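# Architecture at a glance
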Amino acid sequence: MTATDDTETGNSLLIAATRRLAAAGVPDAARDARRLLSHAVGVEAGRLTLLLPETIEKTAQAAFNTLITRRAAREPVSQLIGRRAFYGRDFIVTADVLDPRPETEMLVEAALAQPFAHVLDLGTGSGCILLTLLAEMDASRGMGVDISAAALEVARANARQLDLSHRVRFEVSDWVAEVGGIFDLVVANPPYIASSEMAGLAPEVRDWEPRLALTDGSDGLDAYRQIFTSVGPNLIDDGRIIVEIGPSQAQAVSAIAQDAGFDVRALIKDLDGRDRVIVAQWSDIPF
Ligand code: GLN
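Sequence order as written defines the numbering, with residues in each chain counted from 1. Given that the model is predicted, a residue must reach a pLDDT of at least 70 before its local features are reported, and side-chain atom pairs must reach 80 or more before they are shown or counted; all residues, however, enter totals for whole chains, interfaces and linings. Side-chain measures here rest on the full set of heavy atoms in the structure, leaving out hydrogens and waters.

Each residue is tested against the molecule or strand, and it is near if at least one of its non-hydrogen atoms lies within 4 Å. Taken together, Leu98, Arg101, Glu103, Asn189, Pro190, Pro191, Tyr192, Ile193, Val205, Ala213, Leu214 and Glu244 are the residues near the ligand. The side chain of Arg101 places a nitrogen or oxygen atom 3.1 Å from an oxygen atom of the ligand. Pairs of N or O atoms within 3.5 Å make up the polar contacts considered here, provided that, within protein, one atom can donate a hydrogen while the other can accept it, and that residues adjacent in sequence are counted only when both atoms are side-chain atoms. Between Tyr192 and the ligand, the recorded distance is 2.8 Å, taken from a side-chain N or O atom to a nitrogen atom. For the ligand, whose free accessible area comes to 300 Å², the fraction covered by protein is 88%. Here the accessible surface of atoms and residues is derived via Shrake-Rupley with a 1.4 Å probe, and residues count as covered only by protein chains that are part of the display.

Spelled out as structure tokens, the structure:
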């Protein structure tokens, strides 16, 4: 079969593409083929079925085949289509940012459980956490920092797209190093994968997502040590800090938080029942 053919219908393209993706070890080959075909022909996924019996025009066929070749090399769908839904909103995603993940919505839920006015997001990446919080909490304002200037470009584009630019500021900063303000809420989804775990990750994550956003190159706890030992002065008394953690890190991160003078208030599990989020509170009143 040639790469592009006058008689190729949506159905025949999908069948061939699903086979190629499955052979490349892509876990949900049929679903991904459909998502990429709807992207290539420019229709919403829900409307794709109507087009499947039709002949697909050659430029869309060629675009689709290129996407399938890239997906077979395990490039993530969100990087291929440039978007990912998070907490009901669409975010721009590139290879410079961590792909927003459903389990991170637990962190958003925990943050929204109490009102806040000024929120700081450490390692903001795409900005998905911070911008969701600002969109959900009327009149709140936020600052997002990241060590990656390229990531902040994506976060700024997301802020513009969500019409939140006037309520947010983004700065390059190594955790709180360049942060001057005082906040009532700090959130972070830091790199928490130990370097020893990197080899075992799915190729989509290991080979395509920014390494800086995934691992500290050490035991996976470095970011928490740095954040908890330095962020106190940026929090009001009784201010909250809410961090995402890896499923095996609850004890270690709680100990790091307590040693730095925080009270651990809650440990929240994700929908798969794994420890995922820690809520802690700052008290600068000794004893
Ligand atoms: N949750 C991500 C993963 O398991 C890791 C993101 C992070 O380190 N913050 O791939």
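Next up on the list: the pairing of strand E3 (residues 118-122). A simple rule labels every residue: compare its accessible area, found with a 1.4 Å probe on the protein chains alone, to the largest value its type can have, and call it buried under 20%, exposed over 50%, or partly exposed in between. By the criteria applied, helices consist of DSSP H or I runs no shorter than four residues and strands consist of E runs no shorter than two, each listed in order from the N terminus. In terms of residue burial, E3 counts as a mostly covered element, since 4 of its 5 residues are buried. Strands pair, by our definition, only if DSSP identifies at least two bridges between them. Here E3 pairs with strand E4 (residues 141-146) via 5 bridges, running parallel. When the bridges of E4 are listed, Leu120 appears paired with Met143. A crossover gets the label right-handed when its path from the first strand over the helix to the second runs clockwise, viewed with the strands pointing away from the viewer. With respect to chirality, the unit in which E3 leads through helix H7 (residues 128-136) into the neighbouring parallel E4 is right-handed.

To continue, consider the side chain of Glu209. Looking at where Glu209 falls in the secondary structure, it is placed in the loop between helix H9 (203-206) and helix H10 (211-214). The contact definition used throughout considers only heavy atoms, calling two residues in contact when any of these lie within 4.5 Å. Discounting residues that sit within four places of it in the chain, Glu209 has contacts with Gln79, Val97, Leu98, Asp99, Arg101, Glu204 and Leu214.

Below, the discussion takes up the sheet that holds strand E9 (residues 275-282). Each strand in a sheet pairs with its neighbour through backbone hydrogen bonds, running either in the same direction (parallel) or in the opposite one (antiparallel). Strand order across the open sheet formed by 7 strands is E5-E4-E3-E6-E7-E9-E8, with mixed pairing between neighbours. On the outer flanks of this sheet lie strand E5 (168-172) and strand E8 (262-269), each paired with one strand and no other. Put simply, the sheet's adjacent strands are angled 15 degrees from each other on average, direction ignored. By the bridge criterion, 7 bridges tie E8 to E9 in an arrangement that is antiparallel. Across the sheet, Phe262 pairs through a bridge with Trp282, a residue of E9. Between N-to-C directions, angles span 0 to 180 degrees; the directions come from axes that are lines fitted to C-alpha atoms, helices contributing only their stretch in contact. Across the sheet, helix H6 (residues 105-112) is in contact with strand E6 (183-188), strand E7 (235-244), E8 and E9; its angle to E7 comes to roughly 160 degrees.

Right, let's talk about the environment of Arg83 for a bit. Relative to the helices and strands, Arg83 is located in strand E1 (residues 83-86). Beyond its immediate sequence surroundings of up to four residues, Arg83 is in contact with Ser78, Asp90, Phe91, Ile92, Val93 and Gln161. In this structure the side chain of Arg83 is engaged in a polar contact, spanning 3.0 Å, whose partner is the side chain of Asp90. A polar side-chain atom of Arg83 sits 2.7 Å from a polar atom in the side chain of Gln161.

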